[in-house]
2 protein chains.
Amino acid sequence: MLEKLEQISKNLRYWIIKSTTKAGSGHLTSSLSAVELMSVLFFSGILKYDISNPKDISNDKIIFSKGHAAPLLYSLFALAGGIKFNELLTLREFGSVLEGHPSVRLPFVDAATGSLGQGLSVGVGMALNAKYLDKLDYKTYVLLGDGETEEGQIWEACQIASTYNLNNLIAIVDINTFEQSTKTIHGGEILRYKEKFQAFGWDTYILDDGHDINKVLKTFNSIDFNINHPKVILASTIKGAGVSFIENKMEWHSKTLSEEDSIKAINELDIKDLNSVNTVFEIEKPDIIQTSQYVKKEASSFKLNTELFSLNLNEKLATKNVVGDILNKLGSDNEDLVVLDAGVDNSTSTQKFKEKYPDRFFQMYISEQNMVSTAVGLSKVGKIPFVSTFGAFFTRSFDQIRMASYSKANIKLIGAYSGTSLGKDGFSQMALEDISMMRSVRDSVILYPSDALSTLKALELALNFNGLVYIKTTREPTNNVNTDLTNINIGDHILLRDLENPKVTIISSGITLHESLIAHDKLLEQDINTQVIDLFTIKPLDSVKLLKSIKSTKILVVEDHHSEGGIFEAVTSSLINNNLSFYSLSVKKMPQSGEPSELLAYEEIDSNAIIRKVLEL
Amino acid sequence: MLEKLEQISKNLRYWIIKSTTKAGSGHLTSSLSAVELMSVLFFSGILKYDISNPKDISNDKIIFSKGHAAPLLYSLFALAGGIKFNELLTLREFGSVLEGHPSVRLPFVDAATGSLGQGLSVGVGMALNAKYLDKLDYKTYVLLGDGETEEGQIWEACQIASTYNLNNLIAIVDINTFEQSTKTIHGGEILRYKEKFQAFGWDTYILDDGHDINKVLKTFNSIDFNINHPKVILASTIKGAGVSFIENKMEWHSKTLSEEDSIKAINELDIKDLNSVNTVFEIEKPDIIQTSQYVKKEASSFKLNTELFSLNLNEKLATKNVVGDILNKLGSDNEDLVVLDAGVDNSTSTQKFKEKYPDRFFQMYISEQNMVSTAVGLSKVGKIPFVSTFGAFFTRSFDQIRMASYSKANIKLIGAYSGTSLGKDGFSQMALEDISMMRSVRDSVILYPSDALSTLKALELALNFNGLVYIKTTREPTNNVNTDLTNINIGDHILLRDLENPKVTIISSGITLHESLIAHDKLLEQDINTQVIDLFTIKPLDSVKLLKSIKSTKILVVEDHHSEGGIFEAVTSSLINNNLSFYSLSVKKMPQSGEPSELLAYEEIDSNAIIRKVLEL
């Protein structure tokens, strides 16, 4: 075994050097420091993984949270037979799935990494699933860099992992003491890491030489899974290990070798027979191979029967308040649906789900970054997470949402209490940037329901859509303005007042839609015809349908959001170059505390402001 | 003393009850739990603060990171004579400076809070200033909630505070065991907090009864400032303390009393003479009152003498690489200029500043959230922080940037390596959403320099502007296309190819500006006249000047960024309803690793794509 692992480590080094030298960039030294840690994990029977069936749910999960060690990751899967050796030499080339940082284009990668500090949270999601949902034996391994533990999200993940007793989650910290431009905050003081992880409720295993295969083996085998804590191996390593002239030298971060130096480095490896670098080694398979694949099945086409539904559409309801009832209904027929909330479930109404389905509700406490990445992890093992907090606080997880999109995660974010209309709590709680944020994310869908029925529709569509969906809800109770949304889909809008010869089309969503309808009615009394569009979908917009509804009228967009990146710009981008005139009412003044109606008036997005603007036009 | 502090505590409770009952909302119970902690801090001579001179630099600093305890904060300053008692009854009313969460409209508030977990980082900035820059004796006190410590940013702040030995920073954790919808993650297990803070290098002081004034006093007085660690008081408290029927009841979070119950509650306070609630108590003043105010002086008008500058404008330079040299030059004449970087200073070139001005460079390690809020703190004591990391990773601090804007912070963010043109590192490192993010933030300025000279100009303008500025830089070396930017200001663009009768105006910035110029030249060979605008300012745009430059041509916007919320939408919003036609080339395909030129071609934002598009028009 020792001999085999030594050979494997040499071969990994060979391919790491070869591939990064060929690429002319890539993290050579950060890959080399974790070679023995990973060769032992992969090839001594610890990791259980069916290389021919990478998405089988029974496989142990492996996440390189230090995504820049991608050359090591690719070399590992090449040695295991999953990637052709010569393909390793396409590292970082345009078109190659072996990107600079791990991409889900490679079947062995479940979640994209490369923005540090997110992978542990993804692992939390996978481990939660194994322990509480699918109740399977797979373990989740996460490779972390030491510098990476400086990210606060790591400690958010740690606190959740210990709170949920995730003894099936194993972090391995590759403590090579250097980050990009400096020694890490603790350098080689391995006990500082031990104290931190212990304080956060983890079992720690110190490994004083991460390059001694015997010690690495012993450490992995000493892990006591009977104790209900998450596990961390704190491994002292050497950046650039195995290539004498770059070891422990900060200036070699993210640098690669010249062709000449690479030959020198490979010579140092002392590989007896260079043909042996093409040897394939087996990763031990899981004892049981499930038939189920944890890639998401096709989009479902579940439909809520609104007639059976308990909501009274004749009363005023806040969209944020009906979410809980709807999730309960959706959850009763969809066992994969899980809900996460960041300690505000009584406000966002997901508390109802917590009460009805405690096993499928995960309290994520006040840590939004971890919450989003945990949802990515859950989605990657087949669950459909609905993730809930105030819209404003999703700005805290923008980077995580960005990476979720690149991971092709099937998650649904519900941002409650959005807009100035939340009132007295003031600006810190108002989401006035969330539409802009979510629009700029690749492949996102944004739905902005304005009443109970359209909230129901939004959640149903979100459940059926395979991808990243953001649903924006508001605090104020509003009338139900929609009656039949049977044929409404993602991309659609709803033409609410379809008068003849309208002069102006007022486009809005949420609270300001109701202001628009009041304005419409009052203007009608003055014989001024307007029509009102409920812009149920903010992204993607169906410009053909929208253009048809507009009927060459002037367009007034009203939104409880900053105009930059918001609904106005979504509409203008969608309808540009059609000889139309566009006008905007949006949040422009410094928001403050007050009654919702006062704030809408102050920001000039209430019915009076709309009437003034239409008369002006 | 004890008697006085008891009276003060009663009066504080009186006003907290009165003001929240009047407002009908507000965090009554979360204010009550910290009454004794704060009455002792404010009125026993511990806090040194000149209430008549709240922005004096010598004052101790006080930050309510648990901003929802605003009713307590306002009552404290009312008791100290800074706010009229009857003004307290305007709490949360429209127009009142006493907002739901603290706003800088109130002179006693240095930084807006209300999004949890940010105030400790702001305190780190103020404490860094006292210890390393101004070398003053003021101390910085931060009131934290226990639920709030679930935010990862708290631990980022903790690690930086201990790394910089901030023994002048004192956190007080109000451990009332409840957050909004649940018990906090550790409930009343105070030792769990002790372990965490100790592991992060803090001196901890356990206070087993945060309502026993004697014990509170003793705890504050036992703090040993000779030990070079930051300090934390871990205080066990009762949510709703002092009002028997709401104590320790989760359902009372964020709830207020009925008029009737408020009378019952006030009766419980047992205040002998109700007139005494209007008594003013003195906060002890600092020993020395400086004359200097720590509000930022007027915008400066510093100008770099480019002739004296060492940059060789004849060679290809990457905008991200000239930043360091420019900061060195700006820093030599501006002692308030400080630089923060998140462990990537060798890539962003701020390493040069680190080497030249080590006392004004703060290594913030890989923790972007804390970095931004720390900069807010530094700015609030008169420093001008330039904050540097990859543009992509500023998405991690979106919430902090949002709050920085509400705090009116004078900070400059420099986002390096932006766009697909960074190449082989791949999507995780590419900032394709940063313009959208920064545009949606209130009062932000966005400058996007395209060459060395305009980078110099951007940094100079940022220094002179009092507010939030984002500067976007790129990795690839480019030619200098600008020759004289003497008269360029924020809001301006630069018309680079001013031909007669142009058919199309190509608007761009950064890398794609250079592609646009190549396209221009090649099109000219085919006798197709285009003109090129270097959109140096992305926000705010001067639409009048821009419209003048456009000369009724068709407009093609080219950007290395998603089109949503990006430059295209900035331009169209600015020029809408002028009978112009707009066309967009932007990042639309899933980005991947590759050579910059390959990626620009793949995304169809290179010179060939521009030529194709112009020919099509």
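Parameters at a glance
- Residues numbered from 1 in each chain as written.
- Chains lettered and ligands numbered in written order.
- Predicted model: local features only at pLDDT ≥ 70, side-chain atom pairs only at ≥ 80, totals over all residues.
- Heavy atoms only, no water.
- Helix = DSSP H or I, 4+ residues; strand = E, 2+ residues; numbered from the N terminus.
- Buried < 20%, exposed > 50% of the residue type's maximum accessible area, 1.4 Å probe, protein only.
- Contact = heavy atoms within 4.5 Å.
- Areas by Shrake-Rupley, 256 points an atom, 1.4 Å probe, with all protein chains shown as cover.
- Lys, Arg positive; Asp, Glu negative; His and termini not counted.
- Charge placed at Lys NZ, Arg CZ, Asp CG, Glu CD.
- Least-squares fit on C-alpha atoms with pLDDT ≥ 70 in both.
- Salt bridge = Lys/Arg side-chain N within 4 Å of Asp/Glu carboxyl O.
- 1 Å grid on protein atoms, 1.4 Å probe; cavity = no way out; pocket = protein on both sides within 12 Å on 5 of 7 lines; lining within 4 Å.
- Points joined across faces, edges and corners; volume = space filled by probe spheres on them.
- Nonpolar A, V, L, I, M, F, W, Y, C, P; charged D, E, K, R; others polar.
- pLDDT = per-residue confidence, 0-100.
- Pairing = 2+ DSSP bridges.
- Axes fitted to C-alpha atoms, helices over the stretch in contact; angles between N-to-C directions.
- Polar contact = N/O pair within 3.5 Å; in protein donor to acceptor, adjacent residues only side chain to side chain.
- Phe/Tyr/Trp six-rings, centres within 6.5 Å; stacked < 30°, edge-to-face > 60°.
- Lys NZ or Arg CZ within 6 Å of the ring centre and 35° of its normal.
- Disulfide = S-S within 2.5 Å.
- Parallel < 35°, antiparallel > 145°, perpendicular 65-115°, else oblique.
- Left-handed = near helix turned anticlockwise from the far one by under 90°.
- Buried area = accessible area lost by both parts, 1.4 Å probe.

**Overview of the overall build of chain A**
For step 1, the next point in the chain: Helix and strand counts for chain A come out as 21 helices and 19 strands.
For step 2, the next point in the chain: For chain A, with 617 residues in total, the buried portion stands at 70%.
For step 3, the next point in the chain: Here the analysis covers contacts within chain A between residues at least 6 apart in sequence; of these, 78% occur between residues at least 24 apart.
For step 4, the next point in the chain: By element, 47% of the accessible surface of chain A is carried by carbon and sulfur atoms, the whole surface being about 19,200 Å².
For step 5, the next point in the chain: In chain A, 62 positive and 77 negative side-chain charges are present, and the distance between their average locations comes to 2 Å.

**Quick notes on the relation of the copies chain B and chain A**
For step 1, the next point in the chain: Least-squares fitting of chain B to chain A yields an RMSD of 0.0 Å, with the superposition described by an axial translation of 0.0 Å and a rotation of 180°. This pairing of chains is accounted for by a two-fold axis.
For step 2, the next point in the chain: A symmetric contact is evident, with 99% of the interface residues of chain B recurring at the interface of chain A.

**Some remarks on the pattern of salt bridges**
For step 1, the next point in the chain: All told, the structure shown has 60 salt bridges over all chains when counted by the stated rule.
For step 2, the next point in the chain: For A:Lys545, the salt bridge goes to A:Asp492, with nearest N and O atoms at 2.9 Å. Highlighted residues: A:Lys545 in helix α18 (residues 543–550) and A:Asp492 in the loop between β13 (477–478) and β14 (494–495), separated in sequence by 53 residues.
For step 3, the next point in the chain: Note that B:Asp174 and B:Lys66 form a salt bridge whose closest N and O atoms lie 2.7 Å from each other. Here B:Lys66 lies in the loop between β1 (61–64) and α4 (70–79) and B:Asp174 lies in strand β3 (residues 169–175), a separation of 108 residues in the sequence. A single burial state applies to B:Asp174 and to B:Lys66, both of which are buried.
For step 4, the next point in the chain: When salt bridges with common partners are traced through the structure, they connect A:Glu151, A:Asp399, A:Arg402 and B:Arg396 into a single cluster.

**Observations regarding the layout of surface pockets**
For step 1, the next point in the chain: Roughly 860 Å³ of volume is contained in the second largest pocket.
For step 2, the next point in the chain: In terms of lining, the second largest pocket is formed by 47 residues, of which the most central are A:Ser347, B:His27, B:Gln180, B:His253 and B:Ser254.
For step 3, the next point in the chain: Within the residue set of the lining of the second largest pocket, elements represented by two or more residues are α11 (345–348) and β9 (384–390) of chain A.
For step 4, the next point in the chain: Tallied by class, the residues present in the lining of the second largest pocket amount to 10 nonpolar, 22 polar and 15 charged.

**With respect to the confidence of the model for chain A**
For step 1, the next point in the chain: Predicted confidence across chain A gives a mean pLDDT of 95, with 97% of residues reaching 70 or more.
For step 2, the next point in the chain: The ipTM for the predicted assembly is 0.97, set against a pTM of 0.97.

**A closer look at the sheet that holds strand β3 (residues 169–175) of chain A**
The strands that make up a sheet pair up through hydrogen bonds in the backbone, lying either parallel or antiparallel.
Residue and element names in this part refer to chain A.
For step 1, the next point in the chain: Taken together, 5 strands build an open sheet; the order of strands is β1-β2-β3-β5-β4 and the sheet is parallel. With one partner strand each, in any of the chains shown, β1 (61–64) and β4 (203–207) form the two edges of the open sheet. Within the sheet, the average angular offset between the axes of one strand and its neighbour, ignoring direction, is 20°.

**Digging into the sheet that holds β14(A)**
All names here are of chain A.
For step 1, the next point in the chain: Reading across from one edge, β14-β16-β15-β18-β19 is the order of the 5 strands in this open sheet, with mixed pairing throughout. Every other strand in the sheet has two partners, leaving β14 and β19 (582–585) as the edge strands with one partner each.
For step 2, the next point in the chain: Both strand β15 (residues 504–508) and strand β16 (residues 530–534) contribute to a ladder of 5 bridges, which runs parallel. Within the sheet, the bridge partner assigned to Ile506 lies in β16 and is Val532.
For step 3, the next point in the chain: Against the sheet, helix α17 (residues 511–525) touches β15, β16 and β18 (554–558), its axis set at about 165° to β16.

**A closer look at the side chain of B:Asp146**
Residues and elements named next belong to chain B.
For step 1, the next point in the chain: Relative to the assigned elements, Asp146 resides in the loop between β2 (140–145) and α6 (152–163).
For step 2, the next point in the chain: No salt bridge is formed by the buried Asp146; the nearest opposite charge belongs to Lys66, separated by 6.5 Å.
For step 3, the next point in the chain: Within the structure, Asp146 has its side chain in polar contact with the backbone nitrogen of Asn176 (distance 3.1 Å).
For step 4, the next point in the chain: Aside from chain neighbours lying at most four places away, what touches Asp146 is Val173, Asp174, Ile175, Asn176, Thr177, Phe178, Thr184 and Tyr193.

**As for the packing of aromatic side chains**
For step 1, the next point in the chain: Tallying each qualifying case throughout the model produces 40 aromatic pairs over all chains.
For step 2, the next point in the chain: Between A:Trp155 and A:Phe200, the aromatic rings sit 5.1 Å apart at their centres with planes inclined by 50°, giving tilted as the arrangement. Placement of A:Trp155 in helix α6 (residues 152–163) and of A:Phe200 in the loop between α7 (190–199) and β4 is noted, with a sequence separation of 45 residues between them. A:Phe200 matches A:Trp155 in its accessibility class, with the two residues each being buried.
For step 3, the next point in the chain: Between the aromatic rings of B:Phe77 and B:Phe108, the centroid separation amounts to 4.5 Å while the plane-to-plane angle is 10°, which identifies the pairing as stacked. Of this pair, B:Phe77 sits in helix α4 while B:Phe108 sits in the loop between α4 and α5 (119–133), and the two are 31 residues apart along the sequence.
For step 4, the next point in the chain: By relative accessible area, which is 6% here, B:Phe108 ends up buried.
For step 5, the next point in the chain: Chaining the aromatic ring pairs together yields one cluster made of A:Trp155, A:Phe197, A:Phe200, A:Trp202, B:Trp155, B:Phe197, B:Phe200 and B:Trp202.
For step 6, the next point in the chain: Its end group placed over the ring of A:Phe178, A:Lys183 keeps NZ or CZ at 5.3 Å from the ring centre.

**Here's the deal with unusual backbone geometry**
With the exception of glycine, most residues fall at negative phi, and the peptide bonds are largely trans.
All names here are of chain A.
For step 1, the next point in the chain: For the bond running from Lys539 to Pro540, omega is -5°, close enough to zero to count as cis.
For step 2, the next point in the chain: Here Pro540 is to be found in the loop between β17 (537–539) and α18.
For step 3, the next point in the chain: Its identity is not glycine, yet Asn248 carries a phi of approximately 60°, on the positive side.
For step 4, the next point in the chain: You can see Asn248 is positioned in the loop between β5 (231–236) and α9 (259–269).
For step 5, the next point in the chain: The phi dihedral of Asp270 is positive, around 60°, even though this residue is not glycine.

**Regarding the state of the cysteines**
For step 1, the next point in the chain: In this structure the tally under the stated criterion is 0 disulfides over all chains.
For step 2, the next point in the chain: Cysteine A:Cys158 is unpaired, with the sulfur of B:Cys158 as its nearest cysteine sulfur at 15 Å.

**Comments concerning the packing of α7(A) against helix α7 (residues 190–199) of chain B**
For step 1, the next point in the chain: Interaxial distance between α7(A) and α7(B) falls to 8 Å at its minimum, and their mutual angle equals 155°. With respect to each other, α7(A) and α7(B) are oriented roughly antiparallel. Judged by the twist between their axes, the crossing of α7(A) over α7(B) is left-handed. For the pair α7(A) and α7(B), the contacting residues are A:Arg192, A:Glu195, A:Lys196 and A:Ala199 in the first and B:Arg192, B:Glu195, B:Lys196 and B:Ala199 in the second.
For step 2, the next point in the chain: Class assignment for the residues of the contact of α7(A) with α7(B) results in 2 nonpolar, no polar and 6 charged.

**Re the interface of chain B and chain A**
For step 1, the next point in the chain: If you look at the interface, chain B gives 108 residues, while chain A gives 108 residues.
For step 2, the next point in the chain: Summing both sides of the interface, chain B and chain A together bury roughly 8,600 Å²; the carbon and sulfur share of this comes to 48%.
For step 3, the next point in the chain: At the junction of chain B with chain A, the criterion picks out 10 salt bridges.
For step 4, the next point in the chain: The partner of B:Arg396 in a salt bridge is A:Glu151, and the shortest N-O contact between them spans 3.3 Å.
For step 5, the next point in the chain: For the pair chain B and chain A, the interface holds 63 residue pairs in polar contact (both at pLDDT 80 or more).
For step 6, the next point in the chain: For the side of chain B that touches chain A, the element with the highest residue contribution is α6(B), accounting for 7 residues.
For step 7, the next point in the chain: Partitioning the side of chain B that touches chain A into residue classes produces 31 nonpolar, 46 polar and 31 charged.

**Brief notes about empty space enclosed by the protein**
Residue and element names in this part refer to chain B.
For step 1, the next point in the chain: Applying the stated rule across the entire model yields 5 cavities of 30 Å³ or more.
For step 2, the next point in the chain: In this structure, the largest cavity occupies an estimated 70 Å³ of space.
For step 3, the next point in the chain: As for the largest cavity, its lining consists of Ile62, Ile63, Phe64, Leu73, Pro102, Phe108, Val109, Asp110, Ala111 and Thr113.
For step 4, the next point in the chain: In terms of residue count, β1 provides more of the lining of the largest cavity than any other element does, 3 residues in total.

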